[in-house]
Amino acid sequence: MRLAIFDLDNTLLNGDSDHAWGEFLCNEGLVDRDLYREANDRFYQHYQQGTLDIEEFLGFALQPLTRFPRERLKQLHARFMQECIEPMMLPAAQALLEKHRQAGDFLLIITATNSFITAPIAKRLQVDDLLATDPEEVNGDYTGHVAGTPCFREGKVLRLQAWLEQTGHALQDSYFYSDSCNDLPLLEAVDHPVAVNPDETLLAVAQERNWPVLDLR
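Please read these numbers as outputs of a predicted model, since none were measured by experiment.

Quick word on the nonpolar core
Part 1: In terms of nonpolar packing, the biggest core is built from 53 residues, with F6, W21, I121 and L125 touching the most fellow members.
Part 2: Not counting residues within four places of it along the chain, the set of residues in contact with I121 comprises L8, L13, S17, M81, I85 and M89.
Part 3: Grouped together as the second largest cluster of nonpolar side chains are 22 residues, W163, L184, A195 and V205 included.

This is the structure we're talking about:
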């Protein structure tokens, strides 16, 4: 099966689920609003600029998962989906997924955002599989650390290569859709790179290399 690979945030969604989860925590009073929002916005700006220190960010982003039991986290995420993620859903993105689905392609989301946030979103979008940054768990509880390689920049390529070996899929004739310059390593690895509502850096590269540019908004 041909692979159709998709970034999630600002590609299939009209927004960033990682940043939105931080805002949700602030609005719920579950973290220090001022301090957490300042850091959340700063890390997001660094991501957009292509200068994010992924280890520093994950130390920040995964820590709140350690504060609550799993059932409470599940309840919070259900509300987050309804209040924050559903409004980000893009009909054009869902139509693109359906186009590849009808073509018989294997639909894979690959995202730097952690799997606690993204697994329910991937299920909602009815894709075949998800590669995301995995929070470490011990005895069913989150530790605040990362398990394995963060799914970010070159890490996306490493995680995808491992997944290909495990599943028997291949990159021949594959597509990858993304909005971000951070995804250039993976865009360069596929046969059909597509820029979706790209940032300035990615748009310049796409125009230089004659990559398709889509607007899903």
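Describing the pattern of salt bridges
Part 1: For the structure shown, the criterion picks out 14 salt bridges.
Part 2: The residue R79 makes a salt bridge to E28 at a minimum N-O spacing of 2.8 Å. Taken as a pair, R79 in helix α4 (residues 70-85) and E28 in the loop between α1 (17-27) and α2 (33-49) lie far apart in primary sequence, 51 residues in all.
Part 3: Take E28: its relative accessible area is 29%, and that puts it in the partly exposed class.
Part 4: Between E188 and R209 there is a salt bridge, with the nearest N and O atoms lying 2.9 Å from each other. One end of the pair, E188, is in the loop between α8 (184-187) and β6 (192-196); the other, R209, is in helix α9 (residues 200-209), with 21 residues separating them in the sequence.
Part 5: Taking relative accessible area as the criterion, E188 reaches 47% and is therefore assigned partly exposed.

The rules behind these values
- Residues numbered from 1 in each chain as written.
- Predicted model: local features only at pLDDT ≥ 70, side-chain atom pairs only at ≥ 80, totals over all residues.
- Heavy atoms only, no water.
- Core = buried A, V, L, I, M, F, W, Y, C linked by side-chain atoms within 4.5 Å.
- Buried < 20%, exposed > 50% of the residue type's maximum accessible area, 1.4 Å probe, protein only.
- Contact = heavy atoms within 4.5 Å.
- Salt bridge = Lys/Arg side-chain N within 4 Å of Asp/Glu carboxyl O.
- Helix = DSSP H or I, 4+ residues; strand = E, 2+ residues; numbered from the N terminus.

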